[in-house]
Amino acid sequence: MVGGHRVGVDPYYLPQGRDFGLSPTDPSCRGRRIKGGMGAYVAGYLVKVMLKPKIQTRDVRALILGLSFEENYSDLCNTRVIDLVEELQEGGLEVDVHYPCVDHNQAREVYDLDLIEVPAPRGYGVVLLAVTHAQYHSMTAKGLRSFGWHQDHVLFDLKSLFPVSESDFRL
């Protein structure tokens, strides 16, 4: 089964289970493929969400809050948020990423990604909470919405931090 504190790493060891009679089609081995495809899945879902209020994906800025694998954690190892960033960029969105726990130089070196220091107020058509860092808890959903450009922006609470009524969409 895929789970636990090292979900990002453990599924990669599962194919070695052949030595113990497991096959790659076992549910425990499928976790790696599912996890690897989440960036594309979330990006596709987000584009569908944006079509409902008729937000054009071209020339839209998206703000992604969070980058590391775990909240309040500076290690970028095994993060899948970068997949989401890349998928949204390929879809035509301009993407800003904010995360106060991560060393900006490390993000640049590892992912060629320039993090922003402070998100632009009213600057985004999409605000996506990807990692629930303590600073985002204290901001509340209303605070995160202040980064949206007008009433038709989308607040996507990927981690289900806030009640359903306070965000537009969540998984």
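A quick note: this is a predicted structure, and the numbers were derived from the prediction, not measured.

Peer 1: Got a sec to walk through the overall build of the chain? Specific residues and values, please.
Peer 2: Across its full length, the chain holds 5 helices and 5 strands. Each helix and strand of the chain, placed in order from N terminus to C terminus, yields the pattern α-α-β-α-β-α-β-α-β-β. Across the 171 residues in the chain, those meeting the buried criterion constitute 40%. When the accessible surface of the chain is summed, it comes to about 9,400 Å², and 51% of that surface belongs to carbon and sulfur atoms.

Peer 1: Any details on the environment of Gln89? Residues and values, ideally.
Peer 2: Take Gln89: it is sitting in helix 3 (residues 81-90). Exposure remark for Gln89: the relative accessible area of 40% places this residue in the partly exposed category. It is 9.3 Å that separates the C-alpha atoms of Gln89 and Ala62, two residues lying 27 residues apart in sequence.

Peer 1: Hey, could you go over the sheet that holds strand 2 (residues 94-98) for me, with residue numbers and the actual values?
Peer 2: Strands sit in the order 2-1-3-4-5 across an open sheet of 5 strands; the sheet is parallel. Looking along the sheet, the strands with just one partner apiece sit at the ends: strand 2 and strand 5 (169-170). Pairing geometry for strand 1 (residues 61-65) and strand 2, over 5 bridges, is parallel. Bridge pairing in strand 2 places Leu63 opposite Asp96.

Peer 1: Which residues make up helix 5 (residues 134-145), and what are the values?
Peer 2: For helix 5, built from 12 residues, the straight-helix expectation of 16 Å at 1.5 Å per residue is met to within 8% by its first-to-last C-alpha distance of 17 Å. Of all the residues in helix 5, the buried ones are Tyr136, Ala141, Gly143 and Leu144. Where helix 5 is buried, its residues touch strand 1, strand 2, strand 3 (126-129) and strand 4 (154-157).

Peer 1: Hey, could you go over helix 3 for me, with residue numbers and the actual values?
Peer 2: Looking at helix 3, one finds that the buried residues are Val81, Ile82, Asp83, Leu84, Val85 and Leu88. Downstream of helix 3 by a residue or two, Gly92 has a phi angle that is positive, lying close to 100°.

Peer 1: Could you give me a rundown of the nonpolar core, with the residues and numbers involved?
Peer 2: Core analysis: the largest hydrophobic core is formed by 38 residues, its most contacted members being Ile64, Leu67 and Leu128. For this core, the elements supplying multiple residues, two or more each, are helix 2 (38-51), strand 1, helix 3, strand 2, strand 3, helix 5 and strand 4. Among the elements that make up this core, the one with the highest residue count is helix 3 (5 residues). When near neighbours in sequence (up to four residues on either side) are disregarded, Leu67 contacts Leu76, Thr79, Val81, Ile82, Val97, Tyr99, Val102, Ala107, Leu113, Leu115 and Val131.

Peer 1: Pulling in residues and values, what's your account of the environment of Glu94?
Peer 2: Among the secondary structure elements, Glu94 is positioned in strand 2. Taking C-alpha positions, Glu94 is 6.2 Å from Val60, a pair spaced 34 residues apart along the chain. Residues in contact with Glu94, not counting those within four places in the same chain, are Val60, Arg61 and Ala62.

Peer 1: Explain the pairing of strand 1 to me, using residue names and the numbers behind them.
Peer 2: Burial of strand 1 is extensive: 4 of the 5 residues sit out of reach of the surface. The handedness of the strand 1 to strand 2 crossover, carried by helix 3, is right-handed. Sheet analysis places strand 1 next to strand 3, joined by 4 bridges and oriented parallel. When the bridges of strand 3 are listed, Leu63 appears paired with Val127.

Rules used in this analysis
Residues numbered from 1 in each chain as written. Predicted model: local features only at pLDDT ≥ 70, side-chain atom pairs only at ≥ 80, totals over all residues. Heavy atoms only, no water. Helix = DSSP H or I, 4+ residues; strand = E, 2+ residues; numbered from the N terminus. Buried < 20%, exposed > 50% of the residue type's maximum accessible area, 1.4 Å probe, protein only. Areas by Shrake-Rupley, 256 points an atom, 1.4 Å probe, with all protein chains shown as cover. Pairing = 2+ DSSP bridges. Expected span 1.5 Å × (residues − 1). Contact = heavy atoms within 4.5 Å. Core = buried A, V, L, I, M, F, W, Y, C linked by side-chain atoms within 4.5 Å. Right-handed = clockwise from strand over helix to strand, strands pointing away.

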